[in-house]
Amino acid sequence: MKLSLVFATAISSFFVGATTTLGFSDQVYALTFSGISSGTWGEPIPGSTDTNPIYTGVGSNTFTWGDPNVCLPGPSECTITGSNQLNFNGNSFSTEINSAFKVGDLTYFNGTVAEGTSVESVPLNLNLSFSPPVGASQVFDFNLRLVNTPNNATDPEENADFVIIDTSLSNSSFSFEGNEYTLELTGFNPDVGQINIKALEAATTTTAIYAKIKTKTIPEPATVAGLSLVGIYLISRKKLLDKKS
């Protein structure tokens, strides 16, 4: 086979593959994922000093931890604020590839609890029920770390407690029509990687949790563009060699 024929065959195959890839990529990136989210709390993990952990709400969307039979410090009469509480409310969503979307609202109440009765972290089982054409439900597990302060400071800000989200998912992948996708948690802010929130003593904070759906099997546009540049170079090189021969 002549070199020119080999070259023509290679270039033809390249452009067929690149065109097919670009068309396939466009279809994937134009795909809209929509549905409804929900979540339930799993079994918490006590800390090393939590000798008598008390909690409720495993399997539901409201989780409480700590014995509330303790008073707020101060000169007034004893005030029992109640246990710490986390509530997750899902919502409907509609998103495209690589776009941040809200998967639910997290409400955090910072109660006053007896020492040794708290927990250190709790998992949240996030369920995304996709509408057609995906038409399936997928559960993604992630973890929330709970930071409880001893409440012995005079500054209310120093007595604030924190919830820290672990953005890594134990099962982040799902498949649709032979393509693999991943769910990536971005935290409590759609634009920056904010992974923690705080609540003052006896106060409530409500915030959204955001995520992105990404593809694992389709090459990025930059990769396809790079391959196209290689093809252009090969064509130019071929023309130069033809002129010299």
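Our subject is the structure listed above.
Description of the structure in this document.

Criteria and thresholds
Residues numbered from 1 in each chain as written. Predicted model: local features only at pLDDT ≥ 70, side-chain atom pairs only at ≥ 80, totals over all residues. Heavy atoms only, no water. Pairing = 2+ DSSP bridges. Helix = DSSP H or I, 4+ residues; strand = E, 2+ residues; numbered from the N terminus. Polar contact = N/O pair within 3.5 Å; in protein donor to acceptor, adjacent residues only side chain to side chain. Contact = heavy atoms within 4.5 Å.

This paragraph deals with the sheet that holds strand S10 (residues 173-176). Spatially, the seven strands line up as an open sheet ordered S2-S3-S4-S6-S13-S11-S10, and their pairing is antiparallel. Sheet topology places strand S2 (55-56) and S10 at the edges, where each strand pairs with a single neighbour. Judged from the eight bridges that link them, strand S6 (residues 101-109) and strand S13 (residues 204-215) form a sheet pairing that is antiparallel. Looking at S13, one finds that Phe101 is bridged to Ala211.

This brings us to the side chain of Asn87. If you trace the backbone, Asn87 turns up in strand S4 (residues 84-89). A distance of 3.0 Å separates polar atoms of two side chains, one belonging to Asn87 and the other to Asn89. Sequence-distant contacts of Asn87, defined by excluding residues within four places in its chain, comprise Asn61, Thr62, Asp105, Leu106 and Thr107.

Bringing the environment of Glu96 into the picture now. By secondary structure assignment, the location of Glu96 is in strand S5 (residues 92-96). Sequence spacing of Glu96 and Phe33 is 63 residues, and the spatial spacing of their C-alpha atoms is 6.1 Å. With residues up to four places along the chain from it excluded, the contact list for Glu96 reads Leu31, Thr32 and Ile213.

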